[in-house]
There are 2 protein chains.
Amino acid sequence: MKNVIVGQSGGPTAAINASLAGVFETARALGLGTVYGMRHGIEGLLKGQVIDLSAQLHDSMDVELLKRTPSSFLGSCRFKLPAPGTDDAVYTALFHKLEALEIGYFIYIGGNDSMDTVSKLADFFSEDPEAPMLIGLPKTIDNDLAGTDHTPGYGSAAKYLAVTMDELIQDTAIYAVPSVTIVEVMGRHAGWLTLAAALPKMLGGMKPDIIALPEVTFDEDIFIKNVEKKLKTTQNIVVAVSEGIRDERGQYIGSDAKSGAVDIFGHAYLSGVGKYLERLVGIRIGCKVRSIELNLMQRCAAHLGSLADIEESFQIGEQGVNAAVNGETGKMLAVRRLSDHPYQMECDVI
Amino acid sequence: MKNVIVGQSGGPTAAINASLAGVFETARALGLGTVYGMRHGIEGLLKGQVIDLSAQLHDSMDVELLKRTPSSFLGSCRFKLPAPGTDDAVYTALFHKLEALEIGYFIYIGGNDSMDTVSKLADFFSEDPEAPMLIGLPKTIDNDLAGTDHTPGYGSAAKYLAVTMDELIQDTAIYAVPSVTIVEVMGRHAGWLTLAAALPKMLGGMKPDIIALPEVTFDEDIFIKNVEKKLKTTQNIVVAVSEGIRDERGQYIGSDAKSGAVDIFGHAYLSGVGKYLERLVGIRIGCKVRSIELNLMQRCAAHLGSLADIEESFQIGEQGVNAAVNGETGKMLAVRRLSDHPYQMECDVI
């Protein structure tokens, strides 16, 4: 009887635990062995921090509650595996941990970096017939994974953006003095979440006056001219801006003022493009200006979770276990859209 | 037939439009004259910016939607009347505007500064038998008005705080590295809203590890010691802090770093106590630290509006018109709590 191990990695979402619930329920339904959870992803696994999920999830109500709980139930990590061939010690250590637990199915829920982990493990284990089946389940509020129509977690975050932006636009319009409000949204390389700020417009509401995405080069002079032009006809301007906007040299806006610090994955450590643009508008235009950072709320607002997102995330977990049991390995689950009206999808293994 | 005029002033809430809806509905039901709205409070009234509310609210569905719309529908202002006796020109100008519109009932919805406006107008008009009845309706997310059990608007903001804090605590607990998260909450002189961060605990959830209120002198050394002590037993610390915390000299924490700017009411212009404490923890402790400002979201999150709050705000509007028609003037409506279980209240005129 082969056991299952499941982990979560990277930033959490409001829907990531639904995939975990899907893995647990399906492994139980298929009569697989113990379903282990890694605390803090593979970093915790290396330290032996592993729990038996059945000790946490006693009945179907527990599983339902887990589906609706934001953040990563198992904890997360940002642990980068060394490039294959450079340092085998970590891989060997992981192999021994998995062997000791008699793991047949290894499921890892995360974003780009987590899929990188699954891919590297699959490469390392490719010659080993005893290695567990390795499956990645996508999640990210950034919606920036290739090969899938969209990523679980994005829908709930987009719903938060839409609702919150609609309320913020109402709030910023109250005073009879010209003002600029800059709302900073997560998204290092992808503007999907920032674009969701325009969703209220599709339902008869309003949208931000200016939207700045990382996919489009940001020019400070053009931005200031745009704001000045809009202030001639609109008293209270709202700007939605991705944290990852860059200038024509590819430099993050505002990053000159920073230390050049990078995170463990070598990504520039971003904070405060909103604050930077607030100061810029203050200096160049001189009107009332404020910046708002949607911060962790945009990824953990389970109270605005999307039911479609939660159910799809659960289904991804379900199909991930099925794929592993069917002998797939080194693969990621993906969403394929079948129709828009009504919305229908199915899962691919890619 | 005497007409009614109603205005909104100060910061908005998720429930302030419910009081406006209550005023409109009741004036209509009582067969009073035209119900005018001041755009941007008395500042707009002085400029003749007045609308006929019946041109905006056509049927009961419009009124229902207004009850559930965040922000101040009529716009707001922060306009301070001169001290009585120092400059009568503004009072005289207001009197002529009200006379021209044949206003018998003047209703002003707002916080401390707005009640100050009602009080000053009442003083100025006290000798004039032709003056309109002047009634103030309380609203503020700070819950800092005297004479009322609580203020409309607080309940919805408290609900936002409770839900958001619960989700943030979940989110901050995911990484296996010590961290401090500082959440900055509105409340210049009153800690009620920051205290609402502890509400999830009453429902079996969690609460912040440290709560700092403006009513309690804040000592940076004691704070750092507390954080260090808690970090010994808890990996991820969450701190809820009111924007208005002060040191033993009465200085706002972090205000030394600022320009000393004050707003039109002479209040120190606050921003960034969260950022200040973030830097302090970074320098003194050196662990991972971030700050989160709940910013405008905490006052405009109508999607988390409290039904009790909305209904009570409506009732306050209703009873405000009744009080004016009954000849009350220079008074404020207040909530008197009759019982906790079940929660029951009635309106007083004070």
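What comes next concerns the included structure. Source: prediction; values computed, not measured. (Residues numbered from 1 in each chain as written. Chains lettered and ligands numbered in written order. Predicted model: local features only at pLDDT ≥ 70, side-chain atom pairs only at ≥ 80, totals over all residues. Heavy atoms only, no water.)

Side note on the interface of chain A and chain B
Part 1 of the reasoning: In this assembly, 38 residues from chain A lie in contact with 38 residues from chain B.
Part 2 of the reasoning: With its nearest N and O atoms 2.7 Å apart, the salt bridge here joins Asp171 of chain A to Arg299 of chain B.
Part 3 of the reasoning: Linking chain A with chain B are 19 residue pairs in polar contact (both at pLDDT 80 or more), by the criterion used here.
Part 4 of the reasoning: A per-element tally of the side of chain A that touches chain B places helix 6 (residues 154-172) of chain A first, with eight residues.
Part 5 of the reasoning: Among the residues making up the side of chain A that touches chain B, the classes are represented as 18 nonpolar, 14 polar and six charged. (Contact = heavy atoms within 4.5 Å. Salt bridge = Lys/Arg side-chain N within 4 Å of Asp/Glu carboxyl O. Polar contact = N/O pair within 3.5 Å; in protein donor to acceptor, adjacent residues only side chain to side chain. Helix = DSSP H or I, 4+ residues; strand = E, 2+ residues; numbered from the N terminus. Nonpolar A, V, L, I, M, F, W, Y, C, P; charged D, E, K, R; others polar.)

Digging into helix 3 (residues 60-67) of chain B
Each full turn of the α-helix corresponds to 3.6 residues, which orients residues three or four apart in the same direction.
Residues and elements named next belong to chain B.
Part 1 of the reasoning: Buried within helix 3 we find Val63, Leu66 and Lys67. In an axial view of helix 3, the angular spread of the buried residues amounts to 100°, which keeps them on one side of the axis.
Part 2 of the reasoning: On its buried face, helix 3 is in contact with helix 1 (16-29) and helix 12 (307-325). (Buried < 20%, exposed > 50% of the residue type's maximum accessible area, 1.4 Å probe, protein only. Arc of directions from axis to C-beta.)

Notes on the packing of aromatic side chains
Part 1 of the reasoning: Scanning all chains against the criterion turns up 12 aromatic pairs over all chains.
Part 2 of the reasoning: Taken together, a centroid distance of 4.6 Å and an interplanar angle of 20° make the contact between Tyr91 of chain B and Phe124 of chain B stacked. Of this pair, Tyr91 of chain B sits in helix 4 (residues 89-100) while Phe124 of chain B sits in helix 5 (residues 112-124); the two residues are 33 residues apart in sequence, bridging distant segments of the chain.
Part 3 of the reasoning: Residue classification places Phe124 of chain B among the partly exposed positions, given a relative accessible area of 28%.
Part 4 of the reasoning: Consider the rings of Phe95 of chain B and Phe125 of chain B, whose centres lie 5.6 Å apart with planes at 50°: the pair is tilted. You can see Phe95 of chain B sitting in helix 4 and its partner Phe125 of chain B sitting in the loop between helix 5 and strand 5 (133-138), a full 30 residues away along the chain.
Part 5 of the reasoning: Ring pairs connect the aromatic residues Tyr91, Phe95, Phe124 and Phe125 of chain A, which therefore count as one cluster.
Part 6 of the reasoning: Positioned over the ring face of Phe314 of chain A is Lys67 of chain A, at 4.5 Å from the centre of the ring. (Phe/Tyr/Trp six-rings, centres within 6.5 Å; stacked < 30°, edge-to-face > 60°. Lys NZ or Arg CZ within 6 Å of the ring centre and 35° of its normal.)

Thoughts on the relation of the copies chain A and chain B
Part 1 of the reasoning: You can overlay chain A on chain B at an RMSD of 0.0 Å; the transform is a turn of 180° with a shift of 0.0 Å along its axis. What the superposition gives is, in effect, a two-fold axis relating one chain to the other. Closest approach to the rotation axis among the C-alpha atoms of chain A is made by Glu293 of chain A, whose C-alpha sits 3.7 Å away.
Part 2 of the reasoning: Interface overlap between copies: 100% of the residues of chain A at the interface are likewise at the interface in chain B, consistent with a symmetric, same-surface contact. (Least-squares fit on C-alpha atoms with pLDDT ≥ 70 in both.)

Structural notes on the side chain of Arg299 of chain A
Part 1 of the reasoning: Along the polypeptide, Arg299 of chain A turns up in helix 11 (residues 297-300).
Part 2 of the reasoning: Not counting residues within four places of it along the chain, the set of residues in contact with Arg299 of chain A comprises Gly11, Pro12, Thr13, Ala14, Ile141 and Met186 of chain A together with Asp171, Ile174 and Arg290 of chain B.

A short note on a positive patch on the surface
Residues and elements named next belong to chain A.
Part 1 of the reasoning: Judged by side-chain charge, Lys201, Lys207, Lys229, Lys230 and Lys232 come together as a positively charged surface patch.
Part 2 of the reasoning: As for its placement among the helices and strands, Lys229 is situated in helix 9 (residues 220-231).
Part 3 of the reasoning: In this structure Lys229 comes out as exposed when scored by relative accessible area, which is 60%. (Patch = residues over 30% accessible without salt bridge, like charges linked within 9 Å, V, L, I, M, F, W, Y side chains within 5 Å. Areas by Shrake-Rupley, 256 points an atom, 1.4 Å probe, with all protein chains shown as cover. Lys, Arg positive; Asp, Glu negative; His and termini not counted. Charge placed at Lys NZ, Arg CZ, Asp CG, Glu CD.)

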